Amino acid sequence: MTKPTLEHRSDFFKATKQVNQDHVLIVLNYSLPSFVPLLWEQSRLRVCADGGANRIYDELPRIFQEEEESAVRARYIPDAIVGDLDSLRPDVRDFYTQNSVPIIDLSHDQDTSDLHKCIKYAQGANPSLTQQSKLLVVGAVGGRLDHQLSNIHILYKFRDLRIVLLGKGNLALLLPEAFEHEIYPDRGVEGPICALIPVGSPVSDVHSTGLRWNLGGQSLQFGELISTSNEIKAERISVRAKGPLLWTTELTGTPGLQTSSS
Ligand SMILES: Nc1ncnc2c1ncn2[C@@H]1O[C@H](COP(=O)(O)OP(=O)(O)OP(=O)(O)O)[C@@H](O)[C@H]1O
Ligand SMILES: Cc1ncc(C[n+]2csc(CCO)c2C)c(N)n1
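The structure reproduced in this document is the subject of the present report. Model, not experiment: these values are computed from the prediction.

Regarding the sheet that holds strand 1 (residues 5–9)
- Strand order in the open sheet formed by 5 strands is 1-9-14-11-12, with mixed pairing between adjacent strands. Of all the strands in the sheet, just strand 1 and strand 12 (216–220) have a single pairing partner and so form its edges. Neighbour-to-neighbour, the strand axes of the sheet open up by a mean angle of 25°, direction not taken into account.
- When strand 11 (residues 203–209) meets strand 12, the two strands line up antiparallel, connected through 3 bridges. Residue pairing in the sheet places His207 in a bridge with Gly216 of strand 12.

Below, the structure is given as structure tokens:
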């Protein structure tokens, strides 16, 4: 039986000032990529995971160096700060409290990460998430390996949602088993390096097109074969497999140079 097709478009890298009702931004507590303002402006909900609020407070004024710090901070006020709040600095907490940002203390839960808590928050928000919603998670790659693995774990845990992990040099998303996948990377920003990784369990019958090293029905498995250092060779990459695969691309270009209509 053929599976339905899921398309993956990196439309969020296109220059736009318009809010996209499908886009939700989650800011984590790690070094932020310079395209955060681009994602911020197009997102209909912006949530900071605990110390993620320190990042927007500290790092956004550095992106707009020619402007007053206070003017930049006042422009980027999140809709909520959610987490166990052990990393949120007191001065940052005071600033956003004065700006009426709800600060949601979920410190009683020490079994789930702040990213998990933010996704639950977005699911409970009004309007809630739909099948079209895309959660753009920034500060998700680089730094502590356990945090990065936890962020990947969240892709698997919430595999029915469309979540994109983004960092300074990488993008990662999950290709769930229930679909055949068509990926349209933004070649002005992504590639050429890409990878297909079977995190957690072996994945058999992997078929791909559009890559330098395509798969023709092999199994991917840690300890046997995983497809790292592969290369994007076409506008469209197709992938199907008997199991979920992590798709990653390197980010080498500058987002926001093309408009969403081009
Ligand atoms: N170095 C990192 N790389 C990737 N993601 C990170 C990194 N540091 C933090 N995060 C993400 O940001 C979220 C918030 O970070 P914060 O430091 O506030 O979390 P935390 O849960 O208190 O961390 P810890 O495990 O140190 O207690 C984390 O749940 C994690 O998803
Ligand atoms: C088996 C097991 N391992 C680790 C933790 C710790 N932990 C996991 S998520 C989290 C919250 C981080 O903000 C903490 C402290 C646990 N609870 N259970």
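Considerations on the sheet that holds strand 3 (residues 43–49)
- Taking strand neighbours across the sheet as the criterion, the 10 strands line up as 5-4-3-2-6-7-8-15-10-13 in an open arrangement whose pairing is mixed. Of all strands in the sheet, those with a lone pairing partner are strand 5 (103–105) and strand 13 (227–231), marking the two edges. Taking each pair of neighbouring strands and ignoring which way they run, the sheet shows an average axis angle of 25°.
- With 6 bridges joining them, strand 8 (residues 170–175) and strand 15 (residues 245–251) adopt antiparallel strand pairing. Across the sheet, Leu171 pairs through a bridge with Thr249, a residue of strand 15.

What about the site of ligand 1?
- Around ligand 1, the surrounding shell holds 20 residues, and the nearest of these are Asn29, Asp86, Gly142, Arg144 and Asn151.
- For ligand 1, an oxygen atom lies 3.1 Å from a polar atom in the side chain of Ser87.
- Among the residues forming the shell around ligand 1, the class breakdown is 5 nonpolar, 10 polar and 5 charged.

Looking at the pairing of strand 1
- Of the two faces of strand 1, the one lined by Leu6 and His8 is fully buried and the one lined by Thr5, Glu7 and Arg9 carries no buried residue.
- Direction of pairing for strand 1 relative to strand 9 (residues 180–184): parallel, over a ladder of 5 bridges. Each residue of the ladder has a partner; that of Thr5, found in strand 9, is Glu180.

Here's the deal with the site of ligand 2
- Around ligand 2 lies a shell formed by Asp84, Gln110, Asp111 and Thr112.
- One nitrogen or oxygen atom from the side chain of Asp84 is found 2.9 Å from an oxygen atom belonging to ligand 2.
- Within the side chain of Asp111, one N or O atom sits 2.7 Å away from a nitrogen atom of ligand 2.
- Contact with the protein chains hides 39% of the accessible area of ligand 2, taken as 450 Å² for the molecule alone.
- Grouping the amino acids of the shell around ligand 2 by side-chain chemistry returns no nonpolar, 2 polar and 2 charged.

Cut-off values and rules
- Within any chain, residue numbers begin from 1 and follow the written order of that chain's sequence.
- Chains carry letters and ligands carry numbers; both start at the beginning, A for chains and 1 for ligands, and go up in the order they are written.
- The predicted origin of the model limits local features to residues at a pLDDT of at least 70 and limits the giving and counting of side-chain atom pairs to 80 or more, whereas totals for whole chains, interfaces and linings rest on all residues.
- Excluding hydrogens and water, the side-chain figures rest on all heavy atoms present in the structure.
- In short, DSSP must find at least two bridges between two strands for them to pair.
- Here a helix means four or more residues in a row that DSSP labels H or I, a strand means two or more in a row labelled E, and each is numbered from the N terminus.
- Lines fitted to C-alpha atoms define the axes, with helix axes restricted to the stretch in contact, and inter-axis angles between N-to-C directions lie between 0 and 180 degrees.
- In these notes, residues near a molecule or strand are those with any non-hydrogen atom within 4 Å of it.
- N or O atoms closer than or at 3.5 Å make up a polar contact, with two conditions inside protein: a donor-capable atom paired with an acceptor-capable one, and, for residues adjacent in sequence, both atoms drawn from side chains.
- Charged residues are taken to be Asp, Glu, Lys and Arg, nonpolar residues to be Ala, Val, Leu, Ile, Met, Phe, Trp, Tyr, Cys and Pro, and polar residues to be all remaining types, Gly included.
- Burial classification: accessible surface area is computed with a 1.4 Å probe over protein chains only, and a residue below 20% of its type maximum counts as buried, one above 50% as exposed, and the rest as partly exposed.
- Note that accessible areas follow from Shrake-Rupley with a 1.4 Å probe, and for residues the cover is restricted to the protein chains shown.

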